[in-house]
Amino acid sequence: MAAAVQDLFPGVQVTIGPAIEKGFYYDFDYKRPFTPEDLEKIEKRMEELIKEDHPFIRKEVSREEAITRFKEMGEHYKVELIEELPEGETISLYESGPFVDLCRGPHITSTGKIGAVKLLSVAGAYWRGDERNPMLQRIYGISFPSKEELDEYLNFLEEAKRRDHRRLGRELDLFSIRDEVGPGFVIYHPKGALVRTLLENYEKEEHLKRGYDIVIGPMLLKAGLWEQSGHMDHYREFMYFTEVDDEIYGIKPMNCISHILIYKSRIRSYRDLPIRYFELGTVHRHEKSGVLHGLLRARAFTQDDAHIFCTPDQLQDEIVGVMEFIDEVMGVFGFSYEVEISTRPEKSIGSDEIWDKATNALKDALEKLGMPYDICEGEGAFYGPKIDVKLTDAIGRKWQCGTVQCDFALPERFDVTYVDSDGERKRPVMIHRVILGSIDRFLGVLIEHYAGAFPTWLAPIQARIMPITDAQAEYAKSVLEKMKAAGIRADADLRNEKLNLKIREAQVEKVPYMCIVGKREMEAGTLSLRSRKEGDLGVFSVGDVVGRILEEIESKK
Ligand code: ZN
């Protein structure tokens, strides 16, 4: 790409161009912005260079020689990069036709080996990411061994764009994020707040069923507690602070501390354990503005957070319980998922004995459940091993959701104990765990996973009654009342509009069921049922349709 750009735009300066997770980019300094037409031209020139099959030739030169060479070419960004390399170092260059670049390699052998290429976008980027430096133009592209693979990827990008939760959030009137409020802070509109509430209610019920106690902690806690927890030393830059009555308070970025204080509010015996505290805990974290992304990365969000205090011997059973919980919840939403265990890193606290015991408890729990897992050696937190769960959505993207984290540090810092059967005070193991993670983020993932078409149990409007003419308006209202009385979220489109238009609009709003009532249906006390997925389903009694929808709500379909 850089060769093509140099070819087509004399006077352009090349800077750096790495491979990234999805494709590659190159930053250029040019006197005017590149247009979409320019990208097309560059792509064409790249295709010619591929056909011409220029070999890539590696040359090793001295630092001085490299500086002289790039100075002659007038590439002063390259000169700057080389001048920063250590004296006496051999520098590798790659040549391809008339193009020369500073590159560590390795490389494919020639341009002919490139299968298919597509330039995706152009964006501004400061030289070396520093806003005091000149603004460059970054061209992103992607390459695949074959045209078929490239087309498949481009279709995937289209599909991902169609499912973008920020766009659907606006179209379906679920939420908004506004400049006058501040970046990263979400306002839920009625339909979005409803879906979130349904998720939260589901979570509360499931936690109560599984022996968790629901607790609620305050949003502000005095700075002293954040000193004690270690957040002031290690997490301060991500926290917000405020002052109340001349004292500094930290706005909680995590829910752990209140839960520890509840545990410590009385003496605990081994007979009391395990204790499981669950909170739909809203936290604030000062994420950099550049990484904010709709619901997926916000500055305030609510976690389905729980802390389990147990004896080391109870750990394995607790992990089994949490993983079974996660498995059931993933099944409800139709997600497959992968599991990873992260083990002891080099810098860490706690004895070998407790690390081994905890890590084995995690492994044994997964083995007992027959859940396959990967091991990430040394990737655990300094205070304990953990399990991460990554779900796969409808178009194959992976998302981090559940985590189960053992913690040997906070029980020490807050002197958390229980009285064991031998009368001695001992440390319980503390587990931090989330099932969905951030409910907000999970909702964003769900919107993209379902492309906005929530299953019946989560759909803001589950059924819409549509009379064909005004003559059936009263009958439509009576059907609506029956549905509402049965607990179905229904509304009626009583406008004097063509039926086709009403259906089209309900499809756009992704209402699961449309109930059409004409003269015949009114006389027979029935309705014509239409599903957003399958189209016309036929004529049913009102009672049958109510039963069908209630069945779907009950079974979370
Ligand atoms: Zn926690």
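## Here's the deal with the packing of helix α7 (residues 190-209) against helix α14 (residues 439-449)
1) Next: Between α7 and α14, the least distance of the axes is 11 Å, while the angle of their chain directions is 115 degrees. Compared by their axis directions, α7 and α14 come out roughly perpendicular. Helix-helix and strand crossings are classified by hand; for α7 and α14 the assignment is right-handed. Where α7 approaches α14, its residues Gly192, Val195, Arg196, Leu199, Glu200 and Glu203 are matched on the opposing element by Ile439, Asp440, Leu443 and Leu446.
2) Next: Along the lines of polarity and charge, the residues of the contact of α7 with α14 split into 5 nonpolar, 1 polar and 4 charged.

## Observations concerning the domain arrangement of the protein
1) Next: Along its sequence, the protein is organised into domain 1 (2-157), domain 2 (198-449) and domain 3 (463-555).
2) Next: Each of domain 1 and domain 2 has a C-alpha centre, and these two points are 44 Å apart.

## Notes on the pattern of salt bridges
1) Next: Under the definition given, this model contains 52 salt bridges.
2) Next: In this structure, Glu279 and Lys252 form a salt bridge, with 3.2 Å as the shortest nitrogen-oxygen distance. In this pair, Glu279 is assigned in strand β15 (residues 275-284) and Lys252 in the loop between β14 (247-251) and α10 (256-263), connecting sequence segments 27 residues apart.
3) Next: Accessibility expressed as a relative area gives 3% for Glu279, which makes it buried.
4) Next: For Lys252, a relative accessible area of 3% translates into the label buried.
5) Next: For Lys368, the salt bridge identified is with Asp317, shortest N-O distance 3.9 Å. Here Lys368, found in helix α12 (residues 352-369), pairs with Asp317, found in helix α11 (residues 315-333); they are 51 residues apart in sequence, far enough to count as distant.
6) Next: Of the residues examined, Lys368 reaches a relative accessible area of 57% and is grouped as exposed.
7) Next: Here the residues in one salt-bridge network are Asp7, Arg45, Glu48 and Glu52, joined through shared partners.

## Focus on the coordination of the zinc ion
1) Next: Taken together, Cys256 (SG), His307 (NE2) and His432 (ND1) make up the protein donors of the zinc ion, found 2.0 to 2.3 Å from the metal.
2) Next: Positions of the donor residues of the zinc ion, expressed as sequence spacing, correspond to C-x50-H-x124-H. One end of the pair, Cys256, is in helix α10; the other, His307, is in strand β16 (residues 300-310), with 51 residues separating them in the sequence.
3) Next: Look at His307 and you get buried, because its relative accessible area is 0%.

## Things to note about the sheet that holds strand β6 (residues 99-102)
1) Next: With antiparallel pairing, 3 strands are arranged side by side in an open sheet as β4-β5-β6. Where the open sheet ends on each side, the last strands, each with one partner, are β4 (57-61) and β6. Shown here is a sheet whose adjacent strand axes are inclined to one another by a mean of 30 degrees, direction ignored.

## Examining the pairing of strand β24 (residues 463-467)
1) Next: Along β24, 5 of the 5 residues are buried, which leaves the element largely enclosed by surrounding structure.
2) Next: The alternating pattern of β24 places Ala463, Ile465 and Pro467 and Arg464 and Met466 on opposite faces, both of which are buried.
3) Next: Handedness of the crossover joining β24 and strand β25 (residues 490-492) through helix α15 (residues 473-485): right-handed.
4) Next: Pairing analysis gives 5 bridges linking β24 to strand β26 (residues 513-517), with the strands arranged parallel. Counterpart to Pro467 in the pairing with β26 is Val517.

## Comments concerning the sheet that holds strand β12 (residues 220-222)
1) Next: Strand order in the open sheet formed by 3 strands is β12-β14-β13, and the pairing between neighbours is antiparallel. Two strands close off the open sheet at either side, each with one partner strand: β12 and β13 (240-244). Strand after strand, the sheet turns through a mean of 40 degrees between neighbouring axes, direction not considered.
2) Next: Of the strand pairs in this sheet, β12 and β14 are connected by 3 bridges, and their pairing is antiparallel. Across the sheet, the residue bridging to Lys222 is Tyr249, located in β14.

## Focus on a nonpolar patch on the surface
1) Next: Taken together, the side chains of Leu208, Ile214 and Ile216 present a nonpolar region at the surface, about 330 Å² in accessible area.
2) Next: Within the element layout of this structure, Leu208 appears in helix α7.

## A few points about the packing of aromatic side chains
1) Next: Per the stated rule, a full pass over the model turns up 22 aromatic pairs.
2) Next: Centroid distance Phe9 to Phe34: 5.1 Å. Interplanar angle 70 degrees. Geometry classified as edge-to-face. Taken together, the residues Phe9 in the loop between α1 (2-8) and β1 (13-14) and Phe34 in the loop between β3 (23-29) and α2 (36-52) connect sequence positions 25 residues apart.
3) Next: Judged by relative accessible area, Phe9 falls into the buried class, the value being 4%.
4) Next: Look at Tyr25 and Tyr140: their rings are 5.6 Å apart centre to centre, the planes differ by 65 degrees, and that puts the pair in the edge-to-face class. Taken together, the residues span a long stretch of sequence, with Tyr25 in strand β3 and Tyr140 in strand β8 (residues 135-144) at a distance of 115 residues.

## Focus: the nonpolar core
1) Next: Membership of the largest hydrophobic core comes to 61 residues, with the highest contact counts inside it found for Met323, Phe333 and Phe454.
2) Next: Ignoring anything within four residues of it in the chain, the contact list for Phe454 reads Leu174, Val195, Leu443, Leu446, Ile447, Ala459, Pro460, Pro512 and Arg532.
3) Next: Residues Val14, Tyr26, Phe28 and Leu49 belong to the second largest nonpolar core, which totals 21 residues.

The rules we used
- Residues numbered from 1 in each chain as written.
- Predicted model: local features only at pLDDT ≥ 70, side-chain atom pairs only at ≥ 80, totals over all residues.
- Heavy atoms only, no water.
- Axes fitted to C-alpha atoms, helices over the stretch in contact; angles between N-to-C directions.
- Helix = DSSP H or I, 4+ residues; strand = E, 2+ residues; numbered from the N terminus.
- Parallel < 35°, antiparallel > 145°, perpendicular 65-115°, else oblique.
- Left-handed = near helix turned anticlockwise from the far one by under 90°.
- Contact = heavy atoms within 4.5 Å.
- Nonpolar A, V, L, I, M, F, W, Y, C, P; charged D, E, K, R; others polar.
- Domains from an automatic or database assignment.
- Salt bridge = Lys/Arg side-chain N within 4 Å of Asp/Glu carboxyl O.
- Buried < 20%, exposed > 50% of the residue type's maximum accessible area, 1.4 Å probe, protein only.
- Donors = N, O, S within 2.8 Å, 3.2 Å for Na, K, Ca; no water.
- Pairing = 2+ DSSP bridges.
- Right-handed = clockwise from strand over helix to strand, strands pointing away.
- Patch = residues over 30% accessible without salt bridge, like charges linked within 9 Å, V, L, I, M, F, W, Y side chains within 5 Å.
- Areas by Shrake-Rupley, 256 points an atom, 1.4 Å probe, with all protein chains shown as cover.
- Phe/Tyr/Trp six-rings, centres within 6.5 Å; stacked < 30°, edge-to-face > 60°.
- Core = buried A, V, L, I, M, F, W, Y, C linked by side-chain atoms within 4.5 Å.

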